[in-house]
Amino acid sequence: MSIEKAYNLWAEQYDSNQNKTRDLDGISTINILSKYKFETVLELGCGTGKNTLWLLEKAKKIIGLDFSQEMLNKAKEKINNPKVTFIKADLSQPWKVDNEFVDLITSSLTLEHIKDLDVIFKQAYSKLKPNGIFFINELHPFKQYSGSKARYESEQGTEVLEVYTHHISEYLTIAKKNNFKIIEIDEQFDKEDEKGIPRLISFVFQK
Ligand SMILES: C[S@@+](CC[C@H](N)C(=O)[O-])C[C@H]1O[C@@H](n2cnc3c(N)ncnc32)[C@H](O)[C@@H]1O
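Conventions used here
- Residues numbered from 1 in each chain as written.
- Predicted model: local features only at pLDDT ≥ 70, side-chain atom pairs only at ≥ 80, totals over all residues.
- Heavy atoms only, no water.
- Helix = DSSP H or I, 4+ residues; strand = E, 2+ residues; numbered from the N terminus.
- Buried < 20%, exposed > 50% of the residue type's maximum accessible area, 1.4 Å probe, protein only.
- Near = heavy atom within 4 Å.
- Polar contact = N/O pair within 3.5 Å; in protein donor to acceptor, adjacent residues only side chain to side chain.
- Areas by Shrake-Rupley, 256 points an atom, 1.4 Å probe, with all protein chains shown as cover.
- Nonpolar A, V, L, I, M, F, W, Y, C, P; charged D, E, K, R; others polar.

## Side note on unusual backbone geometry
Excluding glycine, most residues fall at negative phi; most peptide bonds, likewise, are trans. At Leu 109, a position not held by glycine, the phi torsion is positive, near 60°. Here Leu 109 lies in the loop between strand 4 (102–108) and helix 5 (117–127). For Leu 109, a relative accessible area of 12% puts it in the buried group. Even without glycine at this site, Asn 179 takes up a positive phi of about 70°. For Asn 179, the location among the structural elements is in the loop between helix 7 (168–177) and strand 8 (181–188). Classification of Asn 179 by relative accessible area gives exposed; the value is 53%.

## A look at the site of the ligand
Surveying the vicinity of the ligand reveals 20 residues, the closest of which are Tyr 14, Gly 45, Lys 50, Asp 66 and Leu 91. For the ligand, an oxygen atom lies 2.7 Å from a polar atom in the side chain of Lys 50. Interatomic distance of 3.3 Å between a side-chain N/O atom of Thr 110 and an oxygen atom of the ligand. Burial of the ligand by the protein amounts to 98% of the accessible area it has alone, namely 590 Å². Counting only elements with at least two residues in the shell around the ligand, the list comes to helix 1 (3–14) and helix 3 (50–55). When grouped by side-chain class, the residues that make up the shell around the ligand number nine nonpolar, seven polar and four charged.

Nothing here speaks to function; it is geometry throughout.
Right, dumping it as structure tokens:
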């Protein structure tokens, strides 16, 4: 099943099913981004708008891109605010957003579905204003090495999504190639398993 179709089917239960990765992303996104000032935001793979709701507390303008119409429909049910525009778009294609338009780009739990990270970093650089921030929160590659993949249960059984493993070195190399500086790297652990494999990896890059 295509990634887009899988998210269209997942949308109905995405916000409510048990999902430690989603919940830890919500907490760590707030912890990390609270430290930064931003007014204009581009959210890559905004999904059902889980993080958009918090970003709205600080931002004056948010554009959320996602290729799953059903995930976007959930976001639109949750958020009806003139500051927010949701656009159906494939992130692997050119983003219809003005260059040097935003101070913050965020991407949570989305880049594991994108094969070519260079396409993302190249566009992120051009859409950010000078000194703008690119925040990435992803399933930790160590989790992926141990077999963890985005998945959900449906009446048809377990649906395992198509994912790509991006090593930490790959993020850093591609960021550098696209002229980003790294200003933060962090790892997020499950509360009950702080000595185990980290669940998420977080990067803050600056243009
Ligand atoms: C796990 S969800 C994360 C949603 C939200 N960021 C969150 O943290 O709850 C991943 C999202 O990425 C979107 N996505 C995956 N690949 C994409 C692509 N190539 N273009 C646009 N959206 C994509 C999916 O439709 C889905 O909504």
